[in-house]
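One-letter residues, chain by chain:
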Amino acid sequence: MTYRSPVRDLVFSLTEAAGLDALIATGAFPDLDAETAGAVLDAAGQLADGVLEPLNRPGDLAGATYANGTVTAAPGFAAAYKAFSEGGWNGIAADPAFGGQGMPKALEQASYECFHAANMAFGLCPMLTLAGIEALHAHGTERQKTHVLPKLISGAWSGAMVLTEPQSGSDLGTIRAMAKPNGDGTYALEGQKIFITWGDHDCADNIVHFVLARTPDAPAGTRGISLFLTSKFMIADDGKLGARNGFRPVGVEHKLGIHASPTCVMAYEGATAELVGELNQGLAHMFVMMNAARMAVGVQGVAIAQRAWSRAFDYARERRQGRSAWTGEASAPIFDHPDVRRMLAVTRAKIEAARGICLSGSAAGDLARHAKGDDERAFWKRREDLLTPIAKAWSTDIGVESASIGVQVHGGMGFIEETGAAQHYRDARIAPIYEGTNGIQAMDLAGRKLAGDGGKSAGELITDIRATLAALNGASDARLKTLGARLAAATDAAEAAGKLLLERKGTPDALAGAAGYLRLMAETTGGWILAKGALAAERRLTKGGEDAAWLGGKLDLAAVYAEHVLAQTPSLLPSIAQGAAPLEALHADALA
C-alpha cells in the first residue's frame, strides 16, 4: 500500500481553516499566493512520498546505532537528509536575511505534516532544527546569527534541544548541569543530559546543542537557568569548523517506537559553550524553542494520525470478508461494514479538525508578527498562545487514537508487525509525552492561558465561533443546521467551563478540571474548524467546476463529527465542575 501525502486536504485546510488570504493580505509575503502554496505542498508531498516514506519501515527495523562514542543514522537517512536540505525545507519560513525563504509558518507546518507522516523518526531532526532557528533569531548574538543561523537554515548543520537530566524531567528547576565561565566570554559545560533527540548522528556537518544549565553563582530553581549554545565541532571566529568539542554521546535509548530517531544520553565534559540571550533568562529563551516545538508536535500528531488512517482505509477497501450491509454483496470489502466505516469516518473528521487547529495556530503566529497595528498583532498573539497547548495535546491524542483504530481495522493482521500498522501505533505514543506532557498542556491552558489573561483570549475565540454559528443557522443544507445546533451546545459548555475555572483559578479544583477543559475546548474548536470548511465547501459546490464528491465529503465529515463528537462534548462539563475533592479523598492505600 503506497502512502500518498494529502496535499489537496492540506491546501483546503490552509485556505479555508487557517485563512491563507489573511496572510497574503498583510503584504509580508510578497511571493505568496494560493498557487504558490499549492506548488510548495506538491513538492513537499513528492519528497515525502518518494524519498522519506520508503525509509520508514527499514529505519524502524534497523534503527540508529551507537558504537565507540558515535551515533550512525539508519541506512539511507544521511542521503535523504542531504536531499531534504538541498530542497531548502529547513528555510521555508526563515528570514531571507539569513538564507531563508520568508514564507509563513503555517505553510511550513503544512509541508512538515507530509514529512512527519512519511517518516516520523526522520522528521524530528529538522523539526528541532526549526526550533533552534527561532531561538537564535529571537535571542542570538551577532556571532551566532552570522555563523550559526545560516547553517541551520541551509540544513548544513542540525539543531538539538537539550533540557532533560536523569533527576530533572518536566521540573526544570532541578537542573544540575553547570556552565563555568572560562574568562574569555565562553563557558565550560559539565553534566549529563538524557532523552536528547538527534543529539548525535552522521547526517549533518555539525550539530548545534541548545543546552539549559546554570552558572556557579546562579539563583536556585528556574530563576537560575541560562541557555547555552555548544556544537559538536568548535566554530572559529571566521565561521569555519575546528576541533571536536568536549561532549559526546554515551549511548542511545532502546525505545517503544521512532527507532530511527537517535535518542541520546549526552555527556558534557568541559564543552566550550556560548551564552544565548541573557544570563538567568534561559527558561524564557528556551520557551521560544519549546512553543515552536509544541505546535510542531501537534502537526506531528496529525501526521501520524493521517498516516495510520490512510493505511487502514486502504486495507478496508481491499480486505474482503462478510456481506455488505448496504448492497448485500457477499465477500464485500470490510469498508462496507458500518462499524468499520464509522471508525474510519470519525477518525478522519477528527484528523481534519486537528489539522485545522494546528494550521490556524501557526497562521495566528504569522499574523502576530505581521498584522497591521499593535492591537491586531496582540489579538493574534493571544490566539496563537491559546491554540498552542490545544494543538499539541489534542492532536497527539488523536494520533494515538487513530493509530490504535488503524490496528483495529486491520484486525489480527494489525497486531502483526509486517503490516506496518503496529509501527504507527508505537511511533505515535511518544507524541503526547515529549515537549511537555499533555497533562502539562492542560495545566498551561487552564493556568497561563485562561487565567493568565482573565479569559480574554478564550472569550475572543468563543466570539469567533458564535459568528460562524450565525452562518450555519442561515445555511440551506440540513447538515449545516444540525452541525450548528451541536456546535452551539458545545460552545455554551466551553464558555461555562471557562468561567468556572476562572472562579477557581490557582486552586486544586482548577487543576483537576484542566484536562477536561482542554478536551472541551479542543472538540469545540475542532467543530468550528470543520464548520468553516463545510461552509466553504457548500459555497464552492454552488459555483461548480470542482470535484463535487470530494467537496461533499467535507459536509458529510462535518455531519459525522457533529453527531459522534460534538453531541458528547457538553458532557465534559460535569467532570470539570466536580473539582478535586474526590481525588483528594482517594488515598493511595484505597487503590492498593
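Residues numbered from 1 in each chain as written. Predicted model: local features only at pLDDT ≥ 70, side-chain atom pairs only at ≥ 80, totals over all residues. Heavy atoms only, no water.

Draft legend 1. The arrangement of the overall build of the chain in detail. For the chain, the helix and strand inventory stands at 22 helices and 11 strands. A compact globule built from 592 residues should have a C-alpha radius of gyration of about 25 Å, and the chain, at 24 Å, falls within 12% of that. Its C-alpha atoms give the chain principal-axis dimensions of about 75 × 60 × 55 Å. Restricting to contacts in the chain with at least 6 residues of sequence separation, those with at least 24 account for 74%. (Helix = DSSP H or I, 4+ residues; strand = E, 2+ residues; numbered from the N terminus. Rg over C-alpha atoms; globule rule 2.2 N^0.38 Å. Contact = heavy atoms within 4.5 Å.)

Draft legend 2. Up close: the nonpolar core. Core analysis: the largest hydrophobic core is formed by 106 residues, its most contacted members being Leu14, Phe77, Phe115, Met161 and Leu212. The element contributing the most residues to this core is helix α7 (residues 120-139), with 12 residues. The residues touching Met161, leaving out its near neighbours within four places in the chain, are Leu128, Ala131, Ile196, Phe210, Met286, Met289, Met290, Ala293 and Glu435. (Core = buried A, V, L, I, M, F, W, Y, C linked by side-chain atoms within 4.5 Å. Buried < 20%, exposed > 50% of the residue type's maximum accessible area, 1.4 Å probe, protein only.)

Draft legend 3. Just the side chain of Lys232, in detail. By the element assignment, Lys232 lies in the loop between β7 (226-231) and β8 (233-235). A polar atom in the side chain of Lys232 sits 3.5 Å from the backbone oxygen of His201. Non-local contacts of Lys232, meaning those with residues more than four positions away in its chain, are made with Asp200, His201, Asn206, Ile207, Ala243, Arg244, Asn245 and Phe247. (Polar contact = N/O pair within 3.5 Å; in protein donor to acceptor, adjacent residues only side chain to side chain.)

Draft legend 4. The arrangement of the packing of helix α18 (residues 514-543) against helix α19 (residues 548-566) in detail. Orientation of α18 relative to α19, taken along the N-to-C sense of each, is 150°, at an axis distance of 9 Å. As judged from the angle between their axes, α18 and α19 are roughly antiparallel. When the axes of α18 and α19 are compared, the crossing they make is left-handed. Residues Ala522, Glu523, Thr524, Gly526, Gly527, Leu530, Ala534, Ala537, Arg540 and Leu541 of α18 pack against Ala548, Trp550, Leu551, Gly552, Lys554, Leu555, Ala558, Tyr561, Val565 and Leu566 of α19. Classifying every residue of the contact of α18 with α19 gives 13 nonpolar, four polar and three charged. (Axes fitted to C-alpha atoms, helices over the stretch in contact; angles between N-to-C directions. Parallel < 35°, antiparallel > 145°, perpendicular 65-115°, else oblique. Left-handed = near helix turned anticlockwise from the far one by under 90°. Nonpolar A, V, L, I, M, F, W, Y, C, P; charged D, E, K, R; others polar.)

Draft legend 5. Spotlight on the pairing of strand β4 (residues 178-181). Two strands pair when backbone bridges link them, and β4 and strand β5 (residues 187-197) are joined in this way by four bridges, in the antiparallel orientation. Paired with Lys180 across the strands is Ala188, a residue of β5. In this antiparallel pair of consecutive strands, β4 and β5, the connection spans five residues, and Gly183 shows a positive phi of 90°. (Pairing = 2+ DSSP bridges.)

Draft legend 6. Quick peek at helix α16 (residues 478-503). Taking 1.5 Å as the rise per residue, α16 with 26 residues should run 38 Å; its terminal C-alpha atoms sit 38 Å apart, in good agreement. Turning to α16, its buried residues number three or more, namely Leu480, Leu483, Gly484, Leu487, Ala490, Thr491, Ala493, Ala494, Ala497, Gly498, Leu500 and Leu501. Of the residues flanking the start of α16, the one acting as N-cap is Asp477, its side-chain oxygen 2.8 Å from the backbone nitrogen of Arg479. (Expected span 1.5 Å × (residues − 1).)

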